[in-house]
Amino acid sequence: MAQPRILILGAPGAGKGTQSAKITEEFGVDHITTGDALRSNKEMDISDMDTEYDTPGEYMDQGELVPDDVVNAIVDEALSQADGFVLDGYPRNLEQAEELKDMTDLDVVLYLDVGEEELVHRLTGRRLDPETGDIYHVEYNPPEDPEVEDRLEQRDDDTEETVRERLSVFHENTEPVIEYYDEQGDLERIDGEQAPDAVWDEVKATIEDTA
Ligand code: AMP
């Protein structure tokens with residue numbers, strides 16, 4: 001099988017990052033994630049793009065979408081260097097989906113389906129180890145080592161208020177993207193409320209059957 005080109009869709013907190021990491025390892029593809037790319041460039045000066053704010057970080061801290069021109073350029077560049085890939089966090093609106101159509105074909109489109117209250121619970125309880133990049137949850141997956149526990153940080157946009165805003169942006173802008181792929185008959189829907197290992201079994205089997 002040639003290196004698969006995989007798109008993974010889902011609300012914030014649906015488990016896209018976790019599953020993408022496993023896909024990367026199993027299938028040897030690049031992980032292209034706009035969220036991480038933007039977090040590394042939060043202070044980038046985008047004022048010459050005629051945007052409302054001068055940096056991506058200002059949009060992100062409020063849970064709003066970073067302007068399409070900025071994000072499209074990041075994805076275009078990353079795709080041009082990838083053989084196979086798993087694309088995570090993009091497209092987040094129909095305009096981006098149209099852009100993506102012109103950039104590449106896709107072999108598999110996965111959608112991790114998780115209910116609203118579970119998403120809020122996952123995101124507000126999510127914590128990051130700044131030293132290793134490992135992700136924990138205060139309730140579902142706390143670290144055993146008290147030293148690690150002491151240094152855990154919360155992402156700036158995982159506070160309850162910003163989480164609610166991110167989910168409303170998801171309903172308004174990104175749900176139409178899911179319908180768009182569904183109408184084309186391309187969408188592979190996966191129950192994302194199962195335990196991570198069970199989700200992974202389904203994700204892996206779906207990629208093997210579809211790509
Ligand atoms: P994520 O880590 O995927 O939840 O993304 C964090 C934040 O980055 C989002 O709330 C947006 O502000 C921004 N972002 C990530 N991907 C995109 C995208 N495709 N379009 C616009 N903004 C994005």
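Residues numbered from 1 in each chain as written. Predicted model: local features only at pLDDT ≥ 70, side-chain atom pairs only at ≥ 80, totals over all residues. Heavy atoms only, no water.

Description of the nonpolar core
Reasoning step 1: Among the nonpolar cores identified, the biggest contains 49 residues, and L9, I23, L87, L110, Y181 and V203 are the most heavily contacted of them.
Reasoning step 2: With 7 residues, helix α8 (residues 160–183) is the single largest residue contributor to this core.
Reasoning step 3: Non-local contacts of L110, meaning those with residues more than four positions away in its chain, are made with I6, L7, I8, L9, I23, E188, I190, V203, T206 and I207. (Core = buried A, V, L, I, M, F, W, Y, C linked by side-chain atoms within 4.5 Å. Buried < 20%, exposed > 50% of the residue type's maximum accessible area, 1.4 Å probe, protein only. Helix = DSSP H or I, 4+ residues; strand = E, 2+ residues; numbered from the N terminus. Contact = heavy atoms within 4.5 Å.)

Let's talk about helix α1 (residues 16–27)
Reasoning step 1: Relative to the 16 Å expected for 12 residues at 1.5 Å per residue, α1 spans 16 Å between its end C-alpha atoms, a close match to the ideal helical length.
Reasoning step 2: Buried residues of α1: K16, Q19, S20, I23 and F27, and no others. Along the axis of α1, the buried residues cluster in a sector spanning 105°; they form a single face.
Reasoning step 3: Here the buried face of α1 lies against β1 (5–10), β2 (30–33), β3 (85–88), β4 (108–113) and α9 (196–210).
Reasoning step 4: Looking at the residues trailing α1, positive phi occurs at G28, about 65°. (Expected span 1.5 Å × (residues − 1). Arc of directions from axis to C-beta.)

Quick look at the layout of surface pockets
Reasoning step 1: Considered as a void within the structure, the second largest pocket measures approximately 200 Å³ in volume.
Reasoning step 2: Around the second largest pocket sit 15 residues that line it, and L106, V109, Y181, Q184 and D186 are the ones nearest its centre.
Reasoning step 3: At the level of secondary structure, the elements contributing two or more residues to the lining of the second largest pocket comprise α5 (94–103), β4 and α8.
Reasoning step 4: Grouping the constituent residues of the lining of the second largest pocket by class yields 7 nonpolar, 3 polar and 5 charged. (1 Å grid on protein atoms, 1.4 Å probe; cavity = no way out; pocket = protein on both sides within 12 Å on 5 of 7 lines; lining within 4 Å. Points joined across faces, edges and corners; volume = space filled by probe spheres on them. Nonpolar A, V, L, I, M, F, W, Y, C, P; charged D, E, K, R; others polar.)

Here's the deal with the site of the ligand
Reasoning step 1: Around the ligand sit 16 residues, and of these T34, R39, E64, G89 and R92 come closest.
Reasoning step 2: Within the contact set of the ligand, a nitrogen atom lies 2.7 Å away from a side-chain nitrogen or oxygen of T34.
Reasoning step 3: Measuring from a nitrogen atom of the ligand, one finds a backbone N or O atom of V66 at 3.0 Å.
Reasoning step 4: Here the ligand has 490 Å² of accessible area as a free molecule, and 95% of this is covered by the chains. (Near = heavy atom within 4 Å. Polar contact = N/O pair within 3.5 Å; in protein donor to acceptor, adjacent residues only side chain to side chain. Areas by Shrake-Rupley, 256 points an atom, 1.4 Å probe, with all protein chains shown as cover.)

With respect to the environment of Q81
Reasoning step 1: Among the structural elements, Q81 can be located in helix α4 (residues 68–81).
Reasoning step 2: For Q81, a relative accessible area of 59% translates into the label exposed.
Reasoning step 3: Separated by 126 residues in the primary sequence, Q81 and I207 have C-alpha atoms spaced 22 Å apart.
Reasoning step 4: There is a polar contact of 2.5 Å between the side chain of Q81 and the side chain of E77.

Details of the UniProt feature "binding site: ATP" (unreviewed entry) in the protein
Reasoning step 1: Taken from the UniProt record, the annotation "binding site: ATP" (unreviewed entry) applies to G13, A14, G15, K16, G17, T18, R126, I135, Y136 and Q194.
Reasoning step 2: Within the secondary structure, A14 is located in the loop between β1 and α1.
Reasoning step 3: Residue A14 is classed as buried on the basis of its relative accessible area of 4%.
Reasoning step 4: A14 has contacts with L112, V114, L119, R122 and G192, leaving out every residue within four places of it along the chain.
Reasoning step 5: Here K16 shows up in helix α1.
Reasoning step 6: Accessibility expressed as a relative area gives 10% for K16, which makes it buried.
Reasoning step 7: A distance of 3.0 Å separates a polar atom in the side chain of K16 from the backbone oxygen of G10. (UniProt positions renumbered as here; feature names shortened; annotations may be inferred.)

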